[in-house]
Structure formats: structure tokens, C-alpha cells
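Given next are the chains, with one letter for each unit.
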Amino acid sequence: LGKAALEEQQQPPPQPNGGSPAAADWSPPPGPERDGPGLRRSTESEVYDDGTNTFFWRAHTLTVLFILTCALGYVTLLEETPQDTAYNTKRGIVASILVFLCFGVTQAKDGPFSRPHPAYWRFWLCVSVVYELFLIFILFQTVQDGRQFMKYIDPNLGVPLPERDYGGNCLIYDPGNETDPFHNIWDKLDGFVPAHFFGWYLKTLMIRDWWMCMIISVMFEFLEYSLEHQLPNFSECWWDHWIMDVILCNGLGIYCGMKTLSWLSLKTYKWQGLWNIPTYKGKMKRIVFQFTPYSWVKFEWKPASSLRRWLAVCGIIFVFLLAELNTFYLKFVLWMPPEHYLVLLRLVFFVNVGGVAMREIYDFMDDPKFHKKLGQQAWLVAAITATEFLIVVKYDPYTLTLSLPFYITQCWILGIILVLTWTAWRFFIRDITLRYKEIRRQKQEHKYEKDKCLSNGDGHSSILDEQNGNKLRERKL
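Residues numbered from 1 in each chain as written. Predicted model: local features only at pLDDT ≥ 70, side-chain atom pairs only at ≥ 80, totals over all residues. Heavy atoms only, no water.

**Here we look at the overall build of the protein**
Move 1: When helices and strands are counted, the protein shows 16 helices and 2 strands.
Move 2: Every one of the 477 residues in the protein was classed for burial, and the buried ones make up 36%.
Move 3: Considering only intrachain contacts with a sequence separation of at least 6, the fraction spanning at least 24 residues in the protein is 72%. (Helix = DSSP H or I, 4+ residues; strand = E, 2+ residues; numbered from the N terminus. Buried < 20%, exposed > 50% of the residue type's maximum accessible area, 1.4 Å probe, protein only. Contact = heavy atoms within 4.5 Å.)

**As for the nonpolar core**
Move 1: I207, F234, W301 and F349 are the most contacted members of the largest nonpolar core, which has 53 residues in total.
Move 2: The leading source of residues in this core is helix α11 (residues 307-333), at 10 residues.
Move 3: Apart from the residues within four sequence positions on either side, F349 is in contact with W124, V127, S128, Y131 and I384.
Move 4: Judged by nonpolar contacts, the second largest core, of 7 residues, contains L261, L264, Y269 and W271. (Core = buried A, V, L, I, M, F, W, Y, C linked by side-chain atoms within 4.5 Å.)

**With respect to the environment of L157**
Move 1: Mapped onto the elements, L157 comes out in the loop between α5 (143-153) and α6 (183-188).
Move 2: Judged by relative accessible area, L157 falls into the buried class, the value being 1%.
Move 3: Note: C-alpha distance between L157 and W335 (178 residues apart in sequence) is 6.8 Å.
Move 4: Leave out the neighbours within four places in its chain, and L157 touches M150, K151, W335, M336, P337, H340 and L342.

**Here we look at the pattern of salt bridges**
Move 1: In this structure the tally under the stated criterion is 8 salt bridges.
Move 2: A salt bridge links K302 to E300; the shortest N-O distance between them is 3.6 Å.
Move 3: Residue class for K302 comes out partly exposed when judged on its relative accessible area of 48%.
Move 4: Of the charged contacts, one joins R441 and E438 as a salt bridge, the two residues approaching to 2.4 Å between their closest N and O atoms. Residue R441 and its partner E438 are both found in helix α15 (residues 406-454); the two are separated by 3 residues, about one turn of the helix.
Move 5: Residue classification places R441 among the partly exposed residues on the basis of a relative accessible area of 38%.
Move 6: With a relative accessible area of 33%, E438 lands in the partly exposed category. (Salt bridge = Lys/Arg side-chain N within 4 Å of Asp/Glu carboxyl O.)

**Digging into a nonpolar patch on the surface**
Move 1: Nonpolar side chains collect at one region of the surface, where I172, Y173, F182, W186, L189, W238, I243, I247 and L248 lie side by side and expose about 910 Å² of accessible area between them.
Move 2: At 4 residues, helix α9 (residues 238-266) tops the list of elements feeding residues into the nonpolar patch.
Move 3: Take Y173: it is sitting in the loop between α5 and α6.
Move 4: Here Y173 falls in the partly exposed class, since its relative accessible area comes to 46%. (Patch = residues over 30% accessible without salt bridge, like charges linked within 9 Å, V, L, I, M, F, W, Y side chains within 5 Å. Areas by Shrake-Rupley, 256 points an atom, 1.4 Å probe, with all protein chains shown as cover.)

**Things to note about unusual backbone geometry**
Move 1: A cis geometry characterises the amide bond from R115 onward to P116, with omega recorded as 0°.
Move 2: Tracing the backbone through its elements, the reader meets P116 in the loop between α3 (85-107) and α4 (118-139).
Move 3: The backbone of R208 sits at a positive phi, close to 60°, despite the residue not being glycine.
Move 4: With respect to the element layout, R208 can be found in the loop between α7 (192-207) and α8 (210-227).
Move 5: R208 gets classed as buried once you look at its relative accessible area, which sits at 11%.
Move 6: Even without being glycine, K302 reaches a positive phi, approximately 45°.
Move 7: Locating K302 in the fold gives a position in the loop between α10 (280-289) and α11.

**Focus: empty space enclosed by the protein**
Using a probe with the size of a water molecule, rolled over the atoms, empty space left in the structure can be pinpointed.
Move 1: Counted by the stated rule, this structure contains 1 cavity of 30 Å³ or more.
Move 2: Estimated volume of the largest cavity: approximately 70 Å³.
Move 3: Looking at the largest cavity, the residues that line it are K109, G111, P112, F113, W121, R122, L125, V356, E360, Q376 and Q377.
Move 4: Sorting the residues of the lining of the largest cavity by element identifies α4, α12 (341-366) and α13 (376-395) as the ones contributing at least two each.
Move 5: For the lining of the largest cavity, the element with the most residues is α4, which contributes 3 residues.
Move 6: A breakdown of the residues in the lining of the largest cavity according to their chemical character gives 5 nonpolar, 3 polar and 3 charged. (1 Å grid on protein atoms, 1.4 Å probe; cavity = no way out; pocket = protein on both sides within 12 Å on 5 of 7 lines; lining within 4 Å. Points joined across faces, edges and corners; volume = space filled by probe spheres on them. Nonpolar A, V, L, I, M, F, W, Y, C, P; charged D, E, K, R; others polar.)

Shape is all these values report; function is a separate question.
Set out below in C-alpha cells:
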């Protein structure tokens with residue numbers, strides 16, 4: 001942090017209205033962004049904080065424990081247990097999850113984010129654990145039992161549902177339909193269009209890099225082309241792929257996301273306690289800014305700087321694409337309609353945990369000496385993505401093993417060869433070539449110095465003679 005910020009952090013904040021000093025109780029606000037001076041990277045913004053530590057930021061472990069104990073005591077002593085086994089089972093599972101969430105929100109380790117409150121991000125960390133355990137349970141069931149188990153969550157599930165085909169008539173202007181020649185376009189404008197836009201807007205805030213976002217966006221369209229023989233809803237018109245998805249929905253979302261990132265990187269991060277702000281307008285502005293980041297770190301992935309970073313970026317892109325595919329394959333194998341609330345909840349879940357996971361991955365890549373292990377949220381996201389894929393493999397291996405069309409296979413083989421060739425050239429052949437040129441340059445310089453020495457006639461270099469003369473003068477002195 002800057003010098004002014006350090007001076008503010010080293011002293012307790014002044015008390016308004018002549019109150020008594022609180023130096024003994026003062027501590028910086030929670031959050032890993034306040035880990036101390038000298039830890040701020042060049043890509044991280046400076047933060048000025050008056051150090052106000054109000055009731056909002058304090059731990060409430062005893063309060064939560066008291067409320068939880070009272071609730072359990074009420075259920076035990078004052079409620080009559082119903083004689084419905086299925087209802088009691090559901091109720092017991094929900095209560096167990098709630099108790100675990102209460103424990104995690106108050107006791108789990110903080111992540112890299114602290115706004116709007118560290119407890120919010122601890123909550124989603126615990127939800128990640130619960131979701132991973134649920135996926136493990138589904139993975140260990142038979143295919144029939146796993147699909148029928150979804151009926152316990154929603155009685156309408158457990159029934160095979162046909163996938164909608166987005167292909168068919170791909171004419172932008174259909175002269176055969178005199179009533180509405182543009183009906184094909186209007187048919188594609190469903191609720192998934194704004195979902196695409198907001199999804200890529202939020203993904204841009206997670207990744208914080210235009211090139212990576214565009215690569216993931218374009219590669220997913222290629223994946224839809226490649227896998228449309230497995231899932232019918234991957235079959236879309238060409239203009240639906242490239243105009244509506246890549247350019248309009250995804251492209252506009254990425255553009256708005258980059259504009260937001262630019263604003264966040266230029267924003268001044270100066271924080272005051274709510275009660276230290278004199279005006280009501282300032283208080284309202286402070287409340288709104290509570291939902292913005294405490295500080296900002298600009299992501300510089302630099303994939304071509306080293307083989308380690310290149311493989312890490314490729315791995316991030318791979319996991320992103322796999323998580324995107326899991327969205328479609330999971331609802332296909334578990335018989336969930338696209339508009340079901342569980343599909344939406346999964347997307348909301350990944351929106352909240354994805355940003356934390358990306359920050360932890362970037363910290364692990366950018367500063368491995370300080371961040372010696374992968375963050376807890378990033379670890380869970382990777383485990384969840386892998387478990388979801390294993391469920392898809394177990395529940396419908398036939399669909400996954402449908403062979404790719406020959407021309408699709410050729411395209412992917414060509415793409416993989418190009419990537420491997422570039423990797424070998426950039427990190428092996430190019431380095432060997434540069435090293436050889438450097439050695440050759442050093443040899444030429446050595447040969448030049450040797451020839452210069454011989455040109456003096458006595459076999460000694462003028463530089464050496466000058467150095468010897470300097471040594472003699474030093475001895476005389």
C-alpha cells in the first residue's frame with residue numbers, strides 16, 4: 001500500500017463527536033487484500049481505508065450458535081414429529097445442510113474477496129462442498145435410481161424429455177411465409193438470448209481478459225458444431241452460431257464486461273466507515289459501493305511468457321469449456337428440461353464461485369512463492385466439473401461414444417497438431433535457437449578481442465596494459 005495508506009493503517013481512526021479513542025479495539029477490516037505492506041503487486045490498485053471495524057464486520061460465532069441451538073431445541077421439544085418417513089428424511093437432510101452452512105459461514109477460512117461481506121463468500125464455499133457431495137451421491141447410484149432420485153427434489157422430474165432442435169429452416173428471410181418472413185429470427189429470440197449476454201458479461205468479469213473470453217466463446221461454437229450429432233439442441237443455424245451468439249450476445253456481453261473492468265481499474269478505492277460520512281448522499285453512495293470490490297487486481301495472464309503459464313491458461317480454457325458442456329449433458333442424462341429451476345440454480349452457483357476460483361488460480365500462477373497451494377474454491381470448482389463429467393460418462397456412455405464425423409475429426413486433429421507445433425516452437429525450438437545465437441555471438445566477441453590483442457604486436461591487449469598500469473600506480477600511492 002501507499003505511504004499515506006500505511007500511516008492510516010498504523011494508527012486507530014479518530015472518533016467522531018469527541019468520542020474516546022478505540023486503539024485497543026481497532027483492527028483493519030477483514031479480508032486477504034489487507035495482508036500487509038509490500039505485498040501489493042504492480043497490477044493491484046492502492047487502497048485507502050480508515051480502519052473502521054463496526055458490528056457489520058465482527059464475528060458472530062456465539063450468536064449463530066445460540067440461535068441454532070434454540071431452533072433445534074424448538075424442533076425437539078415443542079414440535080411433534082410427523083409419521084411420514086419420506087417427509088422426515090427430506091427434513092432431516094435439509095436441516096443437516098443448514099447446520100453445516102451455519103458452521104461454514106462462521107468458521108470457514110476467508111477467500112480473496114471481502115465484499116459485500118466475507119460471510120457471503122464463505123456461504124458459497126460451503127454450498128460448493130454440499131453440491132460436490134450431492135454429485136458424489138448421484139455418481140454412486142445406478143442410472144435408473146439416480147434419475148428417479150430427482151423426483152424427491154421435484155416430482156415432475158424423472159421423465160425423459162425430448163430436446164428441442166434449433167436447426168431446421170435456416171432462412172433469415174422466408175418468402176414462403178407471407179405473414180411473417182422473419183419468423184425464423186423471432187423463433188430464436190427466447191429467454192436464452194439475454195442469458196447468453198449476461199452470462200458472458202459475468203464471465204468477462206471473472207476472466208478479465210478479452211482474448212481468453214473470445215477464444216472460449218468461439219471454441220464453444222466449434223464444440224457445438226462437433227457435437228450436434230450427440231445432442232440435438234446443439235444443431236443451430238449458421239447465423240445463430242456466429243451472428244446471434246458470437247457477435248451479438250457473447251460479443252456484446254464481453255464488450256460491456258471489458259468496459260466495466262476498465263472502470264473498476266480506474267476507480268479510487270478509498271473507504272470510510274458509514275458513521276464517519278457526514279452527508280446522507282455520501283452514506284447512500286457508501287452503501288451502494290459496498291457491493292463493489294474492496295480493491296482491484298488486473299489479470300495479466302501472459303500465456304506465452306513461460307511453458308508453465310501456457311499450460312495453465314490452456315487448462316483454464318479446457319475446464320471452462322468442460323463446465324459449459326456439462327450444463328447441456330447433465331440435463332440430458334438426468335432428464336431435466338432446460339427451463340427447470342435446478343438448471344438456473346446451477347448457473348447462479350457457478351457465477352458466484354467462478355470469480356473466486358479464477359482469482360485464486362491467478363494468484364497461484366502469478367505469485368507461487370506467496371500462494372503455495374491452489375485455493376480452496378478453485379479446488380472445489382475443478383472437482384465439481386470433473387465429477388459432473390463422470391456422471392455424464394456413467395449415465396449415458398452410448399451418447400458420448402458416438403463417433404465424430406470424419407471431417408470433424410480431421411479438423412480437430414489439425415487444430416491439435418497446430419497447437420502442439422506452436423508449443424514446441426515457442427518453448428523449445430525457439431529457446432534453443434536463441435541460446436545458440438547467443439553462444440555464437442559470445443564466441444564472435446571473444447574472437448574479436450583475441451584478434452585485437454594480436455594486432456598490438458606484443459600479444460597483449462591494450463586494455464590489459466591499461467589495467468596493469470593502474471595497478472602499478474595504486475601500489476606507488
